[in-house]
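Observations on the three-dimensional arrangement
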Amino acid sequence: MNRWVIGAGILVLLVFVVLLMVRSWRARGRRQADIALPETAPDALSPALVEHDGFYVATTRSGDPLDRIVVGGLGFRGRAVISVHREGVRLEIAGEPAKLVRASSIRDVGRATWTIDRVVETDGLVLVAWSLGDTDVDTYLRVTDDPRPLVDAVRTITTSAPTAGTTTGEQTID
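This next bit is on the overall build of the chain. Scanning the chain from terminus to terminus reveals 2 helices and 12 strands. Traced from its N-terminal end to its C-terminal end, the chain shows the element sequence α-β-β-β-β-β-β-β-β-β-β-α-β-β. Projected onto its principal axes, the C-alpha positions of the chain cover 70 × 35 × 30 Å. The buried share among the 174 residues of the chain stands at 42%. Considering only intrachain contacts with a sequence separation of at least 6, the fraction spanning at least 24 residues in the chain is 64%. When the accessible surface of the chain is split by element, carbon and sulfur atoms take 58% of a total near 9600 Å². Distance between charge centres in the chain, computed from 20 positive and 22 negative side chains, equals 9 Å.

Given below as structure tokens:
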């Protein structure tokens, strides 16, 4: 009898913790209701300049790599196909409609070492700094092979020149 009571208590505690996690996630989404939703990528884009398989890691507020953006399907990590077109960067995150980061909204591109819940080798992440409506955000991507062609392709489609050697905390944009 005692084991059943302890087991039921543990089960109730686990359910309570999961409900708190769901409540917190939804509260974060409500706090970010003022952030514009990312654009769904159209079916017809120019031919890809470069395409990589990899991982979508996170999108955070610019300068705050611990404040994850959860609206518009950007809240969860996942496998992704990242392709660069003249129109912008297309993110095909598993389980989500493809997103398009317009070239005109990209502020910079570079490399980073860490973001929320992910630390990798030096410069192991690709950091795309862009504007999501009125909010400046940073998107972190992890590609399975050499990321230099991806970074170079994004630089070619941006309208403004990248700022060389800008450093913010632990992340470096070169």
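For the rest of this paragraph, the subject is the pairing of strand β3 (residues 78-85). The buried count for β3 comes to 6 of 8 residues, which makes it a mostly enclosed element. The sheet contact formed by β3 and strand β4 (residues 88-93) spans 6 bridges and is antiparallel. The residue bridging V81 from the neighbouring strand is E92, located in β4. Counted between consecutive antiparallel strands, the loop separating β3 from β4 contains 2 residues.

So, about the confidence of the model for the chain. Per-residue pLDDT for the chain has a mean of 87; in total, 91% of the residues score no lower than 70. Note that pLDDT drops below 50 for residues 160-172; the model gives that stretch 27 contacts with residues more than four away or on any other chain.

Its identity is not glycine, yet D123 carries a phi of approximately 60°, on the positive side. Positionally, D123 belongs in the loop between β8 (118-119) and β9 (125-132). Here D123 falls in the partly exposed class, since its relative accessible area comes to 23%.

By size, the foremost hydrophobic cluster in this structure holds 28 residues, and its most contacted members are I82, V84, V89, I106 and L150. Listing elements by their share of this core, those giving two or more residues are β2 (50-61), β3, β4, β6 (106-112), β9, β10 (135-143) and α2 (148-157). Considering every element that reaches this core, the biggest residue donor is α2, with 5 residues. Residues within four places of V89 in sequence aside, it is in contact with I82, S83, V84, K99, L100, V101, I106, V154 and I157.

This part covers the side chain of K99. As for its placement among the helices and strands, K99 is situated in strand β5 (residues 99-102). Within polar-contact distance, the side chain of K99 engages the backbone oxygen of P97 at 3.2 Å. If we ignore the near neighbours within four places in the chain, the residues touching K99 are P38, E39, A41, G72, G73, V89, R90 and L91.

Conventions used here
All residue numbers refer to positions counted from 1 along the written sequence of the respective chain. Predicted model: local features are reported for residues with pLDDT of at least 70 only, side-chain atom pairs are reported and counted for 80 or more only, and whole-chain, interface and lining totals are derived from all residues. With hydrogens and water excluded, all non-hydrogen atoms of the structure serve as input to the side-chain values. Elements are defined by DSSP. Helices are runs of H or I of four residues or more, strands are runs of E of two residues or more, and each kind is numbered from the N terminus. Relative accessible area decides the class of each residue, using a 1.4 Å probe on protein chains only: under 20% of the type maximum gives buried, over 50% gives exposed, and in between gives partly exposed. By definition, residues are in contact when any of their heavy atoms lie within 4.5 Å. Computed by Shrake-Rupley with a 1.4 Å probe, the accessible areas treat only the displayed protein chains as cover when residues are assessed. A positive count includes Lys and Arg, and a negative count includes Asp and Glu. His and the chain ends are not counted in either. By convention, the point assigned to a charge is CZ for Arg, NZ for Lys, CD for Glu and CG for Asp. If DSSP finds at least two bridges between two strands, the strands pair. pLDDT is a residue-level measure of predictor confidence that goes from 0 to 100. Nine residue types can take part in a nonpolar core, namely buried Ala, Val, Leu, Ile, Met, Phe, Trp, Tyr and Cys, and a core is a set of them joined through side-chain atoms within 4.5 Å. In protein, a polar contact requires one atom able to donate a hydrogen and another able to accept it; more generally it is a pair of N or O atoms within 3.5 Å, and residues adjacent in sequence count only if both atoms are side-chain atoms.

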